[in-house]
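Each chain, written out:
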Amino acid sequence: MAHTLVIVESPTKARTIRGFLPKDFKVEASMGHVRDLPNNASEIPAAHKGEKWANLGVNTTNDFEPLYVVPKDKKKVVKELKDALKGADQLLLATDEDREGESISWHLLQLLNPKVPVKRMVFHEITKEAIGRALDQTRELDMELVHAQETRRILDRLVGYTLSPLLWKKVAWGLSAGRVQSVAVRLLVQRERARRAFKSGSYWDLKAELAKGSSSFDAKLTHLKGERIAGGSDFDENTGGLKAGSKVRLLSEADARSLREAVLAAPWRVSSVEEKPTTRKPVAPFTTSTLQQEANRKLRLSARETMRTAQGLYERGFITYMRTDSVHLSDQAINAARNCVADKYGKDYLSGSPRQFSTKARNAQEAHEAIRPAGESFRDPSATGLDGRDLALYELIWKRTVASQMAEARLTMLSVELEVDGGNLGPANFRANGKRIDFPGFFRAYVEGSDDPDAALEGQEVLLPSLKTGDSPSCKAVEALGHQTQPPARYSEAALVKMLEKEGIGRPSTYASIIGTIVDRGYATLQNNSLTPSFTAFAVTALLEEHFPDLVDTSFTARMEGTLDDISTGKVQWLPYLESFYKGDQGLETQVQQREGDIDPTASRTIALEGLPCVVRIGRFGAYLETKRVTDDGSEELLKATLPNEITPADLDSEKAELILKQKADGPESLGEDPETGDLVYLLFGQYGPYVQRGQVSDENPKPKRASLPKGTKPEDLTLEDALGLLRLPRHLGEHPDGGKVEAGLGRFGPYVVHHKGKGEKDYRSLKAEDDVLMVGLSRALELLAMPKRGRGGRTALKDIGTPEGADEAIQLFDGPYGLYVKQGKVNASLPEGTTADTITLEQAVELLAAKAAAGKGKGRKTAAKSTTAKKPAAKKPAAKKAPATTKTGRLRASAVRIVKAADS
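Residues numbered from 1 in each chain as written. Predicted model: local features only at pLDDT ≥ 70, side-chain atom pairs only at ≥ 80, totals over all residues. Heavy atoms only, no water.

Engineer: How should the pairing of strand β12 (residues 427-439) be read in this particular structure?
Structural biologist: On a regular strand, one side chain projects to one face of the sheet and the next to the other, so that they alternate. As paired elements, strand β8 (residues 215-224) and β12 share four bridges and run antiparallel to each other. Within β12, the residue paired with Leu-224 across the bridge is Ala-428. Here twelve bridges tie strand β11 (residues 409-421) to β12, and the two strands are oriented antiparallel to one another. By the bridge assignment for β12, Leu-414 is matched with Gly-434. The antiparallel hairpin formed by β11 and β12 contains five residues in its connecting segment, where Gly-423 sits at a positive phi of about 65 degrees. (Pairing = 2+ DSSP bridges. Helix = DSSP H or I, 4+ residues; strand = E, 2+ residues; numbered from the N terminus.)

Engineer: For this particular structure, what's the right way to read the sheet that holds strand β1 (residues 3-8)?
Structural biologist: The strands that make up a sheet pair up through hydrogen bonds in the backbone, lying either parallel or antiparallel. Reading across from one edge, β2-β1-β5-β6 is the order of the four strands in this open sheet, with parallel pairing throughout. On the outer flanks of this sheet lie β2 (25-29) and β6 (118-120), each paired with one strand and no other. Neighbour-to-neighbour, the strand axes of the sheet open up by a mean angle of 25 degrees, direction not taken into account. Contacting β1, β5 (88-93) and β6, helix α3 (residues 99-112) crosses the sheet at an angle of about 170 degrees to β6. (Axes fitted to C-alpha atoms, helices over the stretch in contact; angles between N-to-C directions. Contact = heavy atoms within 4.5 Å.)

Engineer: Even after reading the chapter, I still don't get the nonpolar core, so can you show me in this structure?
Structural biologist: For soluble globular proteins, the rule of thumb is that nonpolar side chains tend to be buried together. Leu-163, Ile-319, Val-616 and Leu-652 are the most contacted members of the largest nonpolar core, which totals 137 residues. Ranked by residue count, the leading element in this core is helix α5 (residues 143-170), at eleven residues. Not counting residues within four places of it along the chain, the set of residues in contact with Leu-652 comprises Arg-196, Phe-535, Leu-609, Leu-612, Val-616, Leu-625, Leu-643, Ile-647 and Ala-657. In this structure, Ala-219, Leu-221, Leu-464 and Leu-467 belong to the second largest nonpolar core, which totals 28 residues. (Core = buried A, V, L, I, M, F, W, Y, C linked by side-chain atoms within 4.5 Å. Buried < 20%, exposed > 50% of the residue type's maximum accessible area, 1.4 Å probe, protein only.)

Engineer: Just checking my understanding: could you explain the sheet that holds strand β25 (residues 741-747) for this structure?
Structural biologist: The four strands are arranged β24-β25-β26-β27 in an open sheet whose pairing can be described as antiparallel. The open sheet has two free edges, formed respectively by β24 (731-735) and β27 (761-766), since each of these has just one partner strand. On average, each strand axis in the sheet is tilted by 30 degrees relative to the strand beside it, whichever way the strands run. The pairing of β24 with β25 spans four bridges and is classified as antiparallel. Following the sheet pairing, His-732 is matched in β25 by Glu-743.

Engineer: Is there a simple way to explain the confidence of the model for the protein in this structure?
Structural biologist: Low-pLDDT portions of the prediction should not be read for the details of their coordinates. Residues of the protein with pLDDT of at least 70 account for 90%, and the chain-wide mean is 86. When the elements of the protein are averaged for pLDDT, helix α24 (residues 879-882) gives the smallest value, 36, and β6 the largest, 97. Across residues 450-459, where pLDDT falls below 50, the model places 16 contacts with residues more than four positions away in sequence or in other chains. (pLDDT = per-residue confidence, 0-100.)

Engineer: It is not clear to me how the side chain of Glu-315 should be interpreted in this structure. Could you clarify?
Structural biologist: Considering the arrangement of structural elements, one finds Glu-315 in helix α9 (residues 303-315). Within polar-contact distance, the side chain of Glu-315 engages the side chain of Ser-10 at 2.9 Å. (Polar contact = N/O pair within 3.5 Å; in protein donor to acceptor, adjacent residues only side chain to side chain.)

Engineer: Looking at this model, I keep getting lost on the packing of aromatic side chains. Mind explaining?
Structural biologist: What characterises a pair of aromatic rings is the spacing of the ring centres plus the angle enclosed by the ring planes. Taken as a whole and judged by the stated rule, the model has twelve aromatic pairs. Seen in terms of ring centroids, Tyr-345 and Tyr-349 are 6.4 Å apart; in terms of plane orientation they differ by 50 degrees. Their pairing is tilted. Given a relative accessible area of 15%, Tyr-345 falls into the buried group. One aromatic cluster is present, formed by Tyr-345, Tyr-349 and Phe-439 through successive ring pairs. If you follow Arg-191 out to its NZ or CZ, it ends over the ring of Tyr-491, 4.2 Å from the centre. In this structure, Arg-444 is placed above the aromatic ring of Tyr-349, and the distance from its NZ or CZ to the ring centre is 5.4 Å. (Phe/Tyr/Trp six-rings, centres within 6.5 Å; stacked < 30°, edge-to-face > 60°. Lys NZ or Arg CZ within 6 Å of the ring centre and 35° of its normal.)

Engineer: Is there a simple way to think about helix α2 (residues 72-85) in this case?
Structural biologist: Three- or four-residue spacings in an α-helix give side chains the same orientation, since the helix completes a turn every 3.6 residues. Taking 1.5 Å per residue as the helical rise, α2 with its 14 residues ought to reach 20 Å, and the 21 Å between its terminal C-alpha atoms agrees with that figure. Along α2, the residues classified as buried are Lys-74, Val-77, Val-78, Leu-81, Ala-84 and Leu-85. For α2, the buried positions fall inside an angular range of 120 degrees around the axis, keeping them on one side. Structural note: α2 exposes Lys-72, Lys-75, Lys-76 and Lys-79 on the side pointing more than 90 degrees away from its buried face. Each element contacted by the buried residues of α2 is listed here: β1, β2, β5 and α3. Gly-87 sits one or two positions beyond α2 and adopts a positive phi of about 90 degrees. (Expected span 1.5 Å × (residues − 1). Arc of directions from axis to C-beta.)

Engineer: Sorry if this is basic, but what is going on with the environment of Gly-385 here?
Structural biologist: Residue placement: Gly-385 occurs in the loop between α10 (331-344) and α11 (388-403). Sequence separation of Gly-385 and Ala-256 is 129 residues, and the distance between their C-alpha atoms is 58 Å.

Engineer: Is there a simple way to explain unusual backbone geometry in this structure?
Structural biologist: Following Leu-729, the chain continues to Pro-730 via a peptide bond in cis, the omega torsion being 5 degrees. One non-glycine residue, Asn-528, lies in positive phi territory at about 50 degrees. Among the structural elements, Asn-528 can be located in the loop between β14 (524-527) and β15 (530-533). Positive phi outside glycine occurs at Asn-529, with the angle close to 65 degrees. For Asn-529, the location among the structural elements is in the loop between β14 and β15. A relative accessible area of 18% places Asn-529 in the buried class.

This is how it looks when you write it as structure tokens:
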């Protein structure tokens, strides 16, 4: 029976769209890209294995012709798609409407080679109406978009596979470089350098608590004897002193305390009162970038988590397409938003006329509309059936879209100037600032950066009592406050995304993968929502800045991005651009060949940090300190000491360095003796941070008992009693009411309590920040164990399916963005179609997890092999024999193909 075949990217999208298509339509998923440049030597076809360019995957000698291959894990998918095409009388390529989606459709067209009519079907939301329109408005494939994506892919491969091998030889094995990745890393490094160079300044000011009648308010010192009082912005970050030419008065602690006594006793007088009405307009609906920023600020989601969750919401028909630079709203969306406002908040809260926004982002492109709830009417968050992260993100999108059509907020800014006699220091001026919200407008639905609009309204409103010139409020209290200027804050994911977009670097749709790559490659760690660059990031950035400055220059990269956009519109030809970038005297290929011999590996692995009694170098196992010391016999020897991972480049000072080197040279310092064993207890610093150890390593005691310090514990504050407590973990707390013992312990993921249920079954809960693993009692442990167990990302398990015989951990059932799944330890497995929460059995769950684990092990063996190779660069690499290379660089490139993909997309 003839049918129309529709191909989309994912099974979830296929399931959703299937419900909106006629019965004679068959929907299949391509599972993303079906072919790509080769990722390793084994993927290179036999016909090309002898070619020098084959490892690169791009024939730079023949018009940069890409070598596309179908990966092993996609061959089955391609066969299934070919089988589905048999008997079809039409093919609709319904992949996403951006350049990536256009590229996937083109690759499908090339592979399937259909003999039936082919049309491109695009839509930015998956609703019945949108799919109906898309069926009526099919188009041809846009080859300019395809060329733009292909050029971007080739360009990323040229940069990644040309520079990465150089980094392996000159810095450390297994590193990667990328067209956008390396610029983003440099931004992190520049901020960390600024933090390191920062000199703190100190200043004092006064804060007074005043009252008129029963109302009290605060006022801050602004001027003394007509001179403005210095604040944090008046200090030079590089010197810690006041900026040159600053006409301000730096108040000393003595003057501040003296002034406090004087103004406490003196009468106060209001010298002026000002009320200034103002309005606030709602912000534009979400783009990819602003959604990532706000989800990071409000929901503490990483860029990756935001995009993964948004992808699931889009594919299930809840929101419009989530990769967009546009803030435009369709007439349908505006009407839906305005109906929501009228129904939920009343007509008084509607804007006077429909509000439309214009895109200001540099190089904005690729989408027709902002991210908004899907459909002609917006589903209220409470009526969606969503929960957890899905609900939180949908609600964020709903609120921001609805707020865009609400009335402006009307506020009155209040300012009161006060005078008081400062005694010997002269007259002092104070100011009290307030804010009155006369009409909340869109604030009722959405306040940027705040989770709770109602709470935000209260927090934003700072009311002052009714005051007029000449009034004399009473002084209830005055504080003399000392301040220290703070170094520039590290980038959060939101701040980095904002900076990349502002500079026009990369595409917003790639920011999640770029930040993920930076963390995965060890260039940065993400702690407390801050991205901290590693010492390796410092070394790589310094090398690229010195030898390839254009590739880490924000302006150069932004111009490159603009050129890629011009290729997508046909303004620039892709082939001449690639020729000029890669070939010729100034091309990347020539630059690398010319400069490779000039780069000293020892210098490249050395990081120049001022004020240290040693140097920092990058070794096979991370960063370490190195210095020369004089031995007892008068000779010099090199002293090397591993740097703990927790020490950041900005925080490494001479005191910390000397402590680490001293411990390495003199051996660990004992905290005291364990009275039970007679062994000495030591505080040590390892690669993964400080830890305590009972006894020394010896032939008789090759693995002495060790325990890491809990997060937040300062090594200098550790006592012998604390150390002994850590070494004696786990602690027995008592018996559980349901039977079995309860213990407190410290594991790789931090402190925990555990209930031993019997037959090997254990129930764990992590301790909260306020809990002390050495002090927590049975009642608190039972309270924690009674709380629902949460999975990754804070998801609550729907139910415990059971613990397989011989296993330590139970199998749990969760509802995720892509449907139901079972989880045991770190292994997840999706439930097959037709299986529900009520029908899944323990035996089925065990089979699903075993199959997933087996598939993971196959990948793991490859990963392990890569890891081993990375740690032992001198080892033989058999795959290199399959792809001969006549030069040293060529041999390294052959290895590059096996180890690393191009870093950016």
